[in-house]
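Below are the chains, spelled out letter by letter.
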Amino acid sequence: MTILPVIPTSPDQPDAVKTRRRPTMPPRHLADLDLAARKEAVTTLGEPAFRAKQISTHYFGRLVRDAEAMTDLPAATRARLAGDLLPTLLTPVTELACDDGATRKTLWRLHDGALVESVLMGYPDRVTACVSSQAGCGMACPFCATGQQGLTRNLSIAEIVDQVVYLAGVAASGAVTGSPPRLSRVVFMGMGEPLANYPRVIEAVRRLIAPAPEGLGLSQRHITVSTVGLVPAMRRLIAEELSVTLALSLHAPDDDLRDELVPVNQRWKVAEVLDAAFDYAAQTGRRISIEYALIRDVNDQPWRADLLGRLLRGKLAHVNLIPLNPTPGSKWDASPKPVEREFVRRLREAGVATTVRDTRGREIDGACGQLAASEVTEAGAGGAATIAEVAQ
C-alpha cells in the first residue's frame with residue numbers, strides 16, 4: 001500500500017467532528033450551470049460572455065480546477081471568476097493507492113465538514129471513476145459501512161462533477177499505472193443512494209455527457225447509476241431518455257431476506273423493483289446490472305441462486321456477484337469461494353449472464369464509507385461492495 005501526500009485542511013476551519021454544524025449546500029460553482037447560465041453569470045460579473053466558454057474549456061476540456069492556473073485570463077478576471085464560479089468544493093483529507101498504483105481512493109472534506117469518498121480504478125483498456133452522490137446514506141443497509149453512518153446531506157451537482165473532473169485530471173497525468181491517460185467510465189456507486197438525490201444526479205450526468213466545453217463529453221453508455229430500488233425514481237429515469245446503465249442493488253431474490261438486507265424493500269418489493277428495472281431495459285435497450293453481494297450463510301444458498309435465475313431468465317440483465325468486503329466489527333463476512341463458484345454455476349445454468357467482480361482496494365478500506373468511518377473514529381467522534389466497476 002502506498003500512502004500519498006495528505007493535503008491538510010485549513011487550520012481556521014472547525015473540525016467537523018468536534019464542531020457539529022447544520023449541513024449546508026456549497027456556494028455556486030461553474031459545474032452547477034449549463035453553458036447559457038455560465039454566460040449570464042460572467043456578464044453579471046462585468047465580463048464579456050465569451051469568458052464563459054474560456055473558463056469552461058479550462059475546467060472541462062483541460063481539467064483545470066484552479067482559476068489561478070488559467071493564465072490566458074487577466075489577473076483581475078481570474079480573481080472575480082475564482083470567487084464567484086470556481087470556489088473550492090473538495091479538500092483532500094487522505095489519498096491512498098494500492099494495486100501498484102492502479103487503484104486510488106480519496107477521502108474529501110466538503111465546505112461544511114461532511115466527508116465523502118471517490119475512487120479511480122485503472123485497467124489496461126479503460127479508467128473508471130467511482131463517485132459519491134450523498135454524504136452518508138439514508139438507506140440503512142446493515143452490511144454497508146455508508147449505510148450505517150446515516151445521511152448527512154445530498155451533494156450538489158458541482159460537488160459530484162468536481163470529483164469526476166479531479167479524477168480525470170489524475171488519469172490524464174499518467175498517475176494510474178498501466179492504463180490509458182483518459183477517464184472513460186463513471187459509476188455512481190460511491191457513498192449514497194443516487195436516486196435519492198435525483199435532480200442533482202441527473203444534472204451531473206448531463207454535465208458529464210455534454211461535449212466540451214459544456215461538459216466532459218463522456219459516453220452515456222459508459223455511465224452507470226445505481227439504486228437500491230426506489231421505484232418512482234426508476235420510472236422517472238425511464239422518461240429522461242438517457243442511455244446510462246442502471247445497476248440494481250438486489251442482494252436477495254426473496255422479500256423475507258431483502259426486507260432485512262435492503263430496508264427500502266419494505267416499501268417496494270422484489271417483484272415491483274424488478275418490473276421497473278425491466279421496463280428501463282425495454283425502453284433503453286440497455287442491460288440491467290443486478291448487484292448481488294454474497295454474504296456467508298445469509299444470501300448465498302443454492303436455492304436462492306435458483307430463485308434468482310428464475311426471476312432473471314430471458315431478461316435483459318446481467319448479474320454482478322460481489323465478494324463482500326467486511327467492515328471492521330461487522331458480523332457479515334464474504335462467502336467461501338466454493339460457495340461462490342456454485343452460485344455462479346447455477347445462475348449460468350439458468351441462462352443468466354454472471355460475473356464475479358474484480359475486487360479492488362481491500363488494503364485501503366475499499367468498501368464504500370470505510371475510509372470516512374475510519375476518519376471519524378480517529379478524530380474521536382464517540383461497503384457493502386469492494387471497490388469495483390460494473391461489467392459493461
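Just so it is clear, the structure is predicted and the values come from calculations on it, not from any experiment.

S.K.: I'd like a rundown of the environment of Gly229, residues and numbers included.
M.R.: Locating Gly229 in the fold gives a position in the loop between strand 9 (223–227) and helix 6 (231–238). Apart from residues no more than four positions distant in its own chain, Gly229 is found in contact with Met234, Leu248, Trp268 and Val273.

S.K.: Outline the packing of helix 6 against helix 8 (residues 270–284), listing residues and values.
M.R.: For any two helices packed against each other, one specifies the inter-axial angle together with the distance between the axes. One way to put it is that helix 6 packs onto helix 8 with a least axis distance of 9 Å and a crossing angle of 10 degrees. Classified by the angle their axes make, helix 6 and helix 8 are roughly parallel. From helix 6, Val231, Met234, Arg235, Leu237 and Ile238 reach across to helix 8, where they touch Glu272, Val273, Asp275, Ala276, Ala277, Asp279, Tyr280 and Gln283. In terms of residue class, the contact of helix 6 with helix 8 is made up of 8 nonpolar, 1 polar and 4 charged.

S.K.: Go over helix 9 (residues 302–312), please, and point to the residues and values.
M.R.: Along helix 9, the positions that sit buried rather than exposed are Arg304, Ala305, Leu307, Leu308, Gly309 and Leu312. Looking at the packing, one finds that the buried side of helix 9 touches helix 7 (255–261), helix 8, strand 11 (288–294), strand 12 (317–323) and helix 10 (337–349). Remark: Gly314 follows helix 9 within two positions and exhibits a positive phi of approximately 80 degrees.

S.K.: Describe the nonpolar core, with residues and values.
M.R.: Residues Val186 and Phe188 are the most contacted members of the largest nonpolar core, which totals 109 residues. The biggest single contributor to this core is helix 4 (residues 157–172), with 11 residues. Sequence-distant contacts of Phe188, that is, excluding residues within four places in its chain, are made with Val131, Ser133, Ile160, Pro194, Val201, Val205, Leu208, Ile223, Thr224, Val225 and Ser226. Formed by 7 residues, the second largest nonpolar core is a distinct cluster that contains Val119, Met121, Tyr123 and Val187.

Parameters at a glance
Residues numbered from 1 in each chain as written. Predicted model: local features only at pLDDT ≥ 70, side-chain atom pairs only at ≥ 80, totals over all residues. Heavy atoms only, no water. Helix = DSSP H or I, 4+ residues; strand = E, 2+ residues; numbered from the N terminus. Contact = heavy atoms within 4.5 Å. Axes fitted to C-alpha atoms, helices over the stretch in contact; angles between N-to-C directions. Parallel < 35°, antiparallel > 145°, perpendicular 65-115°, else oblique. Nonpolar A, V, L, I, M, F, W, Y, C, P; charged D, E, K, R; others polar. Buried < 20%, exposed > 50% of the residue type's maximum accessible area, 1.4 Å probe, protein only. Core = buried A, V, L, I, M, F, W, Y, C linked by side-chain atoms within 4.5 Å.

So yeah, pure geometry; function would need other evidence.
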